[in-house]
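Inside the fold
For reference, the chains in residue letters:
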2 protein chains.
Amino acid sequence: MFYKWPLLKTLRDYNRDKAGRDLLAASLICLLLVPQALAYAQLAGLPAVAGLYASILPLVVYALIGASPGVAMSFGPVAVLALMTAAALAPLAAAGSAAYSVAAAGLTLLVGVLLLVMGFLRLGFIANFLSHPVISGFVSGAAVLIAVSQLRYLFGVSVDGLTLPQVLPGLYEQLPAIHGPTFALGMASLVVLLLLRNLQVLGVSAQWALRIKQVSALLVMLLAMAVSALLHLQADGVKVVGQVPAGLPSLGLPSLDLGLLRELLPAALLIALVGFIESVSIAQSLAMRKRQLINPDLELLGQGGANVASALSGGMPVAASFSRSAVAGQSNLATPLVGVFAAGLMLAAVLGLAPVLRHLPQAVLAASILVAVIGLVDVPSLRHTWRYSRAEGCALLTTFVGVLLQGLEIGIMLGVGLSLLLFLWRTSRPHMAVVGQVPGSQHFRNIQRYDTVQSPSVLSLRVDESLYFPNARYLEARIGELIAVSPEVRHLVLMCSGVNQIDASALDTLEAIAEQLQSAEVQLHLSEVKGPVMDRLKRSDFLQSFGGQVFLSQYHALCTLDPRCAVRALTPE
Amino acid sequence: MFYKWPLLKTLRDYNRDKAGRDLLAASLICLLLVPQALAYAQLAGLPAVAGLYASILPLVVYALIGASPGVAMSFGPVAVLALMTAAALAPLAAAGSAAYSVAAAGLTLLVGVLLLVMGFLRLGFIANFLSHPVISGFVSGAAVLIAVSQLRYLFGVSVDGLTLPQVLPGLYEQLPAIHGPTFALGMASLVVLLLLRNLQVLGVSAQWALRIKQVSALLVMLLAMAVSALLHLQADGVKVVGQVPAGLPSLGLPSLDLGLLRELLPAALLIALVGFIESVSIAQSLAMRKRQLINPDLELLGQGGANVASALSGGMPVAASFSRSAVAGQSNLATPLVGVFAAGLMLAAVLGLAPVLRHLPQAVLAASILVAVIGLVDVPSLRHTWRYSRAEGCALLTTFVGVLLQGLEIGIMLGVGLSLLLFLWRTSRPHMAVVGQVPGSQHFRNIQRYDTVQSPSVLSLRVDESLYFPNARYLEARIGELIAVSPEVRHLVLMCSGVNQIDASALDTLEAIAEQLQSAEVQLHLSEVKGPVMDRLKRSDFLQSFGGQVFLSQYHALCTLDPRCAVRALTPE
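Here's what I pulled together on the structure shown here. Because the structure is predicted, anything quoted here is derived from the model rather than measured. (Residues numbered from 1 in each chain as written. Chains lettered and ligands numbered in written order. Predicted model: local features only at pLDDT ≥ 70, side-chain atom pairs only at ≥ 80, totals over all residues. Heavy atoms only, no water.)

**Structural notes on the relation of the copies chain A and chain B**
- For the pair chain A and chain B, the best superposition has an RMSD of 0.1 Å and corresponds to a rotation of 180 degrees with a translation of 0.0 Å parallel to the axis. These values place the two chain copies in the arrangement generated by a two-fold rotation axis.
- Of the residues that chain A buries at the interface, 100% are likewise interface residues in chain B, meaning the two copies contact each other through the same surface. (Least-squares fit on C-alpha atoms with pLDDT ≥ 70 in both. Contact = heavy atoms within 4.5 Å.)

Structure below.
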């Protein structure tokens, strides 16, 4: 069994000092978490408390079952998953309705269960399907969609849809109907937020600028709540968060409808994968700095448990947040227990904020979301990728544009499809070199790069990649080409020093090649076959049927097939 | 421009001798082609003439534009594509209706255009997505579905559907309604066919047995037509092929409905790929035996042209047939012009057969299909694959069962998905070895296999695969593991002798690794970076930012980082 309770190590030498540092880090996290939880709930189309609820139990559960020792990550709502939640639920129910909340809980549960299953089956490698350019294009596209989705709250108008072709025409039509007070409040919040986040430009010391930046969202929200309550802005038509249930979330399994869950499955899988990639990248980067290890399968279990906990407490899908984890990482000594402290503080915040939260204007939340996601649009990454590889730049751009125009799922599927296609295209043309003997040695090198000697009747071909189905056909074609232009060749030696595996397709191809070569009066041989490959070949009939020999080295092969080879090894030309 | 008219070479030294041989091969092909064309048209749910029409113009077009010199392939209807056609069209129109024929022509045109586009864009490599086990499972599953689909004609009952769960219950219910005379005629044909195909068992010489086997289907059909006409079987309720238009097919673009074409697109793509794989495998195997070359992109063009020609003459999707190409291959000297001769003979057959064809009972065609597809169920391939690799055996079985239960498209998608997953799983865990210096040499080998010496402060890691997105995360995790257990290490040298490329994801990962290692007070270096990889790295900022050096060889790296290395090279321990 691979599960060893990871918190044990932390608890064994826990003391008051560490508790003090963890409490400090937890406070910093909560200063960021409260406004983000409220904002991302709005982004997901859920009541504000869903974000807060998703920031209590999941933190505890992750800390208890998943956190690698020494890696203090902050779980909770994150922007991209919130948007993905909104995209998944929009076709099923009206945002804000009770059916919508039920569907959200079902989606969150599904995400959690998928992550748990992936963890138990050790399927974390599925995340490798998503290349960096595709993720970058996806996140940038999602950030733009998030920003655009919040314009309706900033303008005080109502528009449906998610993708640009759905939202922009509606927004344009509604421009004359902009609600003045809402817009003024939103723009004011935006300006204040941007100011508070860039105080170092105004000469404030870097340390203070950072501290103020971290509390800026909370400050603006508290201020806006006060203004809204005092001026009775709701009466003027400014939309606010509205009534918030007092007290604690009630725990319970969401009501499950199998048909609904089946519809939500593709979205849940994507949310699970994106959340996992984000979380495991953060964990990996925090761990390596401290020369520590993470266990990706354990991370899957922790993240799965956190999502199940979120579903049970009426929350939304959760993952690790980079900004909040970085805050915890500032105090380099924080332990995974920071999550437990943060959960306690969040509980207090929920109890304390509930009575006043209803005054919070939606436009202020929208402004804080806008400010937060600007940084997610990753233009430098596009520039670097494009310069480094046109093909991968195209994959990035395709994903980005696909997300903007066709939505999150189609966008990412386009990107994944394109990058798999590129990958397959590259790997289907592996590097192969005709090799010859370096005179005066037993070495065989590429005849195009070195002065070598070849035997007229023996062709030596080195394959620099494993042989499997993407390149099996190419191998056959390449050998066909070589044989067609070398009528005097009687032996073909395949030098397998770079072949780490041969799959069933390649084995079929080798059998066909051997047979076709025999029709053309050429005998196939192998050399330098690695141990594991040889073991597997012995399970097939190939070694009996192909009629050639398997040589220990290319030199042995040539010495057997052409006696002059041994002479050449001694006399440099 | 890559197109050079391939027939030119054939025509340059064509003479009466060659023409004689081509005519003989063409006659042999037609003996097989006539009954197959009729049968596969029935399999596709089309009128019998559609099969004949698909066997005239496509042969000429392929011979003129696509055929590689010296490779005499026989184009025309093939069993698996006929079934795929039936599967694609069944949801859109009733088999035998005019709308069905129009849709079939549209599908064929789409297949042709897709193949042409793939040829011009050189996208033949897409076929590499289909591994041999998946193709084998697909063809075996299709063969079973084909056999089951013909039982209705053999029993003289009517049943809808394609997959086993659709067809079998219906067949079972209809058992009491079996039409006696039809069943008797079908079973008689089946027995005679099986007899005629296995005459060598009865002591007939191998040569004659083969000759009779090749004409057996035609013989039985002619016999059945005569019996049916003389005994007026149609009046007894035996279903026959029915009225066949006399004269030649009229040429014309099928009426195109964009909505219909969009619905047919996925099926057309699959038909194009499967047909291409079948054709290019046959061409490759014929060519290599004669030390000749094929151009897969040219094959795509030829096959695309043949399908367009088939669509214009009211036919069905076509590909190269293995059995018929093998017949042409018997006369080892046949040229691509054999197709032109065969087309001429088929034209005569159409004109000659049209008046009598209507008497041909459907049950006899069904019997000939059953006999033909038995050999397509490839049990030995399952056995070999399973023994060679459990995982690939599973992919084969999944495809097979998927085809039987869920139909052709879902079955093949399951197989492709599973084999890509397996592939990604394998390639996401590349072989990496910590290497040490072999004392008394400048060589560095795997410390687990050789007696080596390591520097305490320098860790050398050799990666035996290119670095790209499927394994980028693994590289980071592996280095994290090594660093975590080696607290005294100050330098990490990545030996890149096996790295043929580094994609953008892996570059990001390398940058992150370098930065995280610096936080852990370890410096990253590279050694033995190949030229093309280095060229590409120079396009990024990595070489400036990672802070380490790029060494020509692992030995240079160690000599620079640990002076004792040079001493060890001289003193074996």
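So, next bit.
**Brief notes about helix α10 (residues 206-231) of chain B**
Residue and element names in this part refer to chain B.
- The first and last C-alpha atoms of α10 sit 36 Å apart over 26 residues, in line with the 38 Å expected at 1.5 Å per residue.
- The sharpest bend along α10 reaches about 50 degrees and sits at V215.
- Three or more residues of α10 are buried, namely A209, Q214, S216, A217, L218, V220, M221, A224, M225 and S228.
- Once α10 finishes, H232 follows within two positions and takes phi at roughly 50 degrees, a positive value. (Helix = DSSP H or I, 4+ residues; strand = E, 2+ residues; numbered from the N terminus. Expected span 1.5 Å × (residues − 1). Bend = angle between axes of the 7 residues up to and from the residue. Buried < 20%, exposed > 50% of the residue type's maximum accessible area, 1.4 Å probe, protein only.)

**Brief notes about the interface of chain A and chain B**
- Opposite the 74 residues of chain A that make contact, chain B presents 75 residues.
- Of the roughly 6,800 Å² buried at the junction of chain A and chain B (both faces included), carbon and sulfur atoms supply 57%.
- Viewed at the interface, chain B and chain A are joined by 2 salt bridges.
- Across the pair B:R387 and A:D541 runs a salt bridge, and its minimum N-O distance is 3.1 Å.
- For the interface between chain A and chain B, the tally reads 12 residue pairs in polar contact (both at pLDDT 80 or more).
- Examining the composition of the side of chain A that touches chain B, we find that 10 residues originate from one element, helix α20 (residues 504-519) of chain A, more than from any other.
- When the residues that make up the side of chain A that touches chain B are grouped by side-chain class, the tally is 31 nonpolar, 22 polar and 21 charged. (Buried area = accessible area lost by both parts, 1.4 Å probe. Salt bridge = Lys/Arg side-chain N within 4 Å of Asp/Glu carboxyl O. Polar contact = N/O pair within 3.5 Å; in protein donor to acceptor, adjacent residues only side chain to side chain. Nonpolar A, V, L, I, M, F, W, Y, C, P; charged D, E, K, R; others polar.)

**With respect to the sheet that holds strand β3 (residues 432-437) of chain B**
Residues and elements named next belong to chain B.
- In spatial order, the strands read β4-β3-β5-β6-β7-β8; together these 6 strands make up an open sheet with mixed pairing. The sheet is open, and its two edges are formed by β4 (444-446) and β8 (550-551), each paired on a single side.
- As defined by bridge partners, strand β5 (residues 458-463) adjoins strand β6 (residues 491-495) across 5 bridges and the pair is classed as parallel. Along β6, the bridge assignment pairs L459 with L492. (Pairing = 2+ DSSP bridges.)

**Some words on the pattern of salt bridges**
Residues and elements named next belong to chain A.
- Taken as a whole and judged by the stated rule, the model has 8 salt bridges over all chains.
- In this structure, R478 engages E481 in a salt bridge whose closest nitrogen and oxygen atoms are separated by 3.7 Å. Of this pair, R478 and E481 are both found in helix α19 (residues 469-485), 3 residues apart, which corresponds to roughly one turn of the helix.
- Here R568 and D562 are joined by a salt bridge, their closest N and O atoms 3.4 Å apart. The same class applies to R568 and to D562, which are both buried.
- Ionic contacts of the salt-bridge type, sharing partners, join the residues D562, R564 and R568 into one network.

**Quick look at the packing of aromatic side chains**
All names here are of chain A.
- Enumeration over the complete set of coordinates arrives at 6 aromatic pairs over all chains.
- On the basis of an interplanar angle of 65 degrees and a centroid distance of 5.5 Å, the ring pair of F155 and F183 is categorised as edge-to-face. Note that F155 is positioned in helix α7 (residues 132-155) and F183 in helix α9 (residues 180-197), a separation of 28 residues in sequence.
- For R211, the ring lying beneath its charged end belongs to W208, and the centroid distance is 5.2 Å. (Phe/Tyr/Trp six-rings, centres within 6.5 Å; stacked < 30°, edge-to-face > 60°. Lys NZ or Arg CZ within 6 Å of the ring centre and 35° of its normal.)

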